[in-house]
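Coordinate analysis (summary)
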Amino acid sequence: MSRRNRATLSAWQKHLFDELRSLAREHPSDVRIVEQPRLDSDGDATLRLRLHTADILHRPGGLGLGDDEEFIVKIRPSLFAPPSAEVDHTRFLGFPHVLQGQRLCIYLDPSREWRPSAGMAGFLSRLWDWLTDAAGGAFDPSTAMYHAVGGVLHHADDTPTIVVREPGPPKRQQIARLVARSPHRYDLTYSTDRDGHRTPVFVLARDLPFGAASTFALFLTLLDDPHLDRAEGRPPEVSPQSPAFLTSLLASALRNPDGTEQYFVLAVPHPAGGPHHLLGGRLPATTADALRRLAKKHGTAVNLDPAIINADIPIEWCNMSDERQEVTTRRDDNRPVNGFQGRAVHIWGCGGLGSWLAEFIARAGASAITVCDPGTITGGLLVRQNYTEADIGQTKADALATRLRAIRDDLTVTVAEGSVPDPAVSLSADLIIDATVSHSITTYLDTLAGEDRTALIAQVATDARTGSLGIANICAPGDTCTPSELDDQAGRSVLADGGLELYHRLWEDAAEGDELTPTRGCSVPTFHGSAADLAAVAATLVNMIGLHLQQAGAPVSGTHLIALPHAPAGPRHHFLPAASDTRG
């Protein structure tokens, strides 16, 4: 490397290259610098590196390696991005974690895996581990990111996210509709009774290992030759797909308004089988209008040679939020809150605990939530209850219902008028949560507990002094113990146990200073506690209740006591089974 070129390297690039030279001197038979670094227009330092790979074990299905393999290594100007490695051949094409046929995915998550302090030794170790795993067949193609489309995310700035929840596509060529929910979100639907932007959904015959390109002309070329076989002197493995795609695109463009972009969705076969990978793109309005003029003049069955298309016409790829059940695993999978999935839940009392409980249960997958609280929201409540400035003046139930509906489209939310819902509806629910801390509601629940019910009843509360303790009394269906009896049993046991002194205050009368008056002359005394306290208590109680809903057979009745980490000394969790419940 010349002194002049070396002087243009950043300090970080010089540091890494010096490390690489030292490693090559120490291991001359394994590491060799074939070409000195050169700076490109982005400021990256590019060099060629040869590694001796003859000793790497190969297993059936693994990547085939030669005795020596050369790599193009790019060193970024700063330490925030790791070096990268790619090859200048197509022998690795279609293999998992090979991006667009030639770049090796050494770091799946650079923020966690790239350690600048490890330098080039760390990078070479990652590269060597990648080669070892690849040759040993350790990579799972079914979980490799974006494997069907060259291993890279296709996304352009200022494009909306396309949300896909319906299964499909049902046919090889399907016209769907994009329904604009906001400038940032479009929903894809195959329903013919919905208004929206007509969008072709086109199923490809093969995957796109080189990706889908960023220009219209190159994209059409890849449709007809996805593996670039012609460049290697071979006939393409698939029949031309661009004519059918163009016909579908033109037919949709004709039915969309002039001056609008034209969207399309590709269903790309996954090399490992299973559901197709969905890729959404759009053509600019000027291009879409040109397609409309073409279709009006010549019809939709037009065969365009990609070679005559303006090479500068871009494709703007959209972010895809693919939420089809066949490709999605919930992020809360195998957690206690899974007990709420598909459940009908009643939440009475939508204040300090109830407003947070409702949101957590909505996100956990409940199918229906009924909220009940006629209280009015004032500004002071925003300190710790799950409401906003826009909610002031509304009833808590109405405002909370609006929030829950905004969280999930498929959630049924009902507002019950008055203090409690209709008893027949409550008894048929899966769960009733009482967060009112009301003696009259407890008396009412005692009567419901003796009725024939499917609902599990949970009464929840926190302590007045700190808002850092929580209690959940659980009355399972079919249990003879009422909520007030269960609370009395638990109180006697806790007050008689010195090891549970932390929780005595849950049954003791409030002492001086335990409560506060938020607004002089205008509000009743209330407990201490912040939003952070109450959200954390509510989250913990939701997990405890979820565990009961997951219990095989009949759920166990009893009392959960929980304390946050910053609560006074004592056990963080204690469960007291109901005295009449011998199932626990």
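For clarity, every value in this text was computed on a predicted model and none was experimentally measured.

**A look at the sheet that holds strand 16 (residues 368–372)**
The pairing of strands in a sheet comes from backbone hydrogen bonds and takes either a parallel or an antiparallel form. Strands sit in the order 17-16-15-18-19-20-23-24 across an open sheet of eight strands; the sheet is mixed. Looking along the sheet, the strands with just one partner apiece sit at the ends: strand 17 (412–415) and strand 24 (573–577). Averaged over all pairs of adjacent strands, the angle between strand axes in this sheet comes to 15 degrees, irrespective of strand direction.

**Structural notes on the state of the cysteines**
Tallying each qualifying case throughout the model produces zero disulfides. We note that Cys475 lacks a disulfide partner, and the nearest cysteine sulfur, in Cys481, lies 5.3 Å from it.

**Remarks on the UniProt feature "domain: Cap2 central linker" (unreviewed entry) in the chain**
If you check UniProt for "domain: Cap2 central linker" (unreviewed entry), the listed places come out as residues 197–323 in our numbering. Between the end C-alpha atoms of residues 197–323 there is a gap of 20 Å, over a span that is 28% helix and 21% strand.

**Topic: the UniProt feature "domain: THIF-type NAD/FAD binding fold" (unreviewed entry) in the chain**
With numbering matched to this structure, UniProt assigns "domain: THIF-type NAD/FAD binding fold" (unreviewed entry) to residues 345–460. This span, residues 345–460, is 34% helix and 19% strand, and a straight line between its end C-alpha atoms measures 14 Å.

**Considerations on unusual backbone geometry**
A cis amide bond links Gly168 to the next residue, Pro169, at an omega of 10 degrees. Looking at the element boundaries, Pro169 is found in the loop between strand 7 (161–164) and strand 8 (173–182). One non-glycine residue, Gln100, lies in positive phi territory at about 50 degrees. Turning to its location among the elements, Gln100 is positioned in the loop between strand 5 (98–99) and strand 6 (103–104). Gln100 sits in the partly exposed class, given a relative accessible area of 29%.

**A word on the confidence of the model for the chain**
Residues at a pLDDT of 70 or more form 97% of the chain, whose mean pLDDT is 92. The model gives residues 1–6 a pLDDT under 50, and that stretch makes 11 contacts with residues more than four places away or in other chains.

**Comments concerning the environment of Leu541**
Its location among the elements puts Leu541 in helix 13 (residues 531–550). With relative accessibility at 0%, the residue Leu541 sits in the buried group. Taking the C-alpha atoms as reference points, Leu541 and Glu69, 472 residues apart in sequence, are found 57 Å from one another.

**So, the sheet that holds strand 7**
Spatially, the eight strands line up as an open sheet ordered 13-12-11-10-8-9-7-14, and their pairing is mixed. Lying at the two open borders of the sheet, with one neighbouring strand each, are strand 13 (316–318) and strand 14 (320–322). Across the sheet, the axes of successive neighbouring strands diverge by a mean angle of 30 degrees, strand direction being ignored. Judged from the three bridges that link them, strand 7 and strand 14 form a sheet pairing that is parallel. Across the sheet, the residue bridging to Ile162 is Met320, located in strand 14.

**Thoughts on the nonpolar core**
Phe340, Ile361, Ile369, Leu404, Leu431, Ile433 and Val460 are the most contacted members of the largest nonpolar core, which totals 43 residues. Elements that contribute at least two residues to this core include exactly strand 15 (344–348), helix 8 (354–364), strand 16, helix 9 (396–407), strand 18 (431–434), strand 19 (456–462), strand 20 (469–475) and helix 13. With nine residues, helix 13 is the largest single contributor of residues to this core. In this structure Phe340 touches Val345, Ile361, Ala364, Gly365, Ala366, Leu431, Val542, Ile545, Gly546 and Leu549, once residues within four positions along its chain are discounted. Among the nonpolar cores identified, the runner-up in size contains 36 residues, and Leu47, Leu49, Leu51 and Ala135 belong to it.

**Observations concerning the pairing of strand 11 (residues 262–268)**
Counted residue by residue, strand 11 has seven buried out of seven residues, so it is predominantly covered. Burial along strand 11 is two-sided: the face carrying Gln262, Phe264, Leu266 and Val268 and the face carrying Tyr263, Val265 and Ala267 are both buried. Two strands pair when backbone bridges link them, and strand 10 (residues 197–203) and strand 11 are joined in this way by three bridges, in the parallel orientation. Of the residues in strand 11, the one forming a bridge with Val203 is Ala267. In this structure, strand 11 lies alongside strand 12 (residues 277–283), joined through seven bridges in antiparallel fashion. Residue pairing in the sheet places Phe264 in a bridge with Gly281 of strand 12.

**Digging into the side chain of His147**
Topologically, His147 is positioned in the loop between helix 4 (119–135) and strand 7. On the accessibility criterion, His147 (7% relative accessible area) is buried. The contact partners of His147, leaving out residues within four places of it in the chain, are Gly94, Phe95, Pro96, Pro141, His270 and Pro271.

**Focus on the pairing of strand 12**
Most of strand 12 sits out of view: six of its seven residues are buried. Bridge count for strand 12 against strand 13 is three bridges, and the pairing is antiparallel. Across the sheet, Gly281 pairs through a bridge with Trp317, a residue of strand 13.

**Some remarks on the packing of aromatic side chains**
By the definition in use, this model includes 12 aromatic pairs. Taking 5.5 Å as the distance between ring centres and 55 degrees as the angle between the ring planes, the aromatic pair formed by Trp130 and Phe139 counts as tilted. Of the two residues, Trp130 and Phe139, neither departs from the other in class, the shared state being buried. Grouped by ring-pair contacts, the aromatic residues Phe202, Phe219, Phe245, Phe264 and Trp317 constitute a single cluster.

Criteria and thresholds
Residues numbered from 1 in each chain as written. Predicted model: local features only at pLDDT ≥ 70, side-chain atom pairs only at ≥ 80, totals over all residues. Heavy atoms only, no water. Pairing = 2+ DSSP bridges. Helix = DSSP H or I, 4+ residues; strand = E, 2+ residues; numbered from the N terminus. Axes fitted to C-alpha atoms, helices over the stretch in contact; angles between N-to-C directions. Disulfide = S-S within 2.5 Å. UniProt positions renumbered as here; feature names shortened; annotations may be inferred. Buried < 20%, exposed > 50% of the residue type's maximum accessible area, 1.4 Å probe, protein only. pLDDT = per-residue confidence, 0-100. Contact = heavy atoms within 4.5 Å. Core = buried A, V, L, I, M, F, W, Y, C linked by side-chain atoms within 4.5 Å. Phe/Tyr/Trp six-rings, centres within 6.5 Å; stacked < 30°, edge-to-face > 60°.

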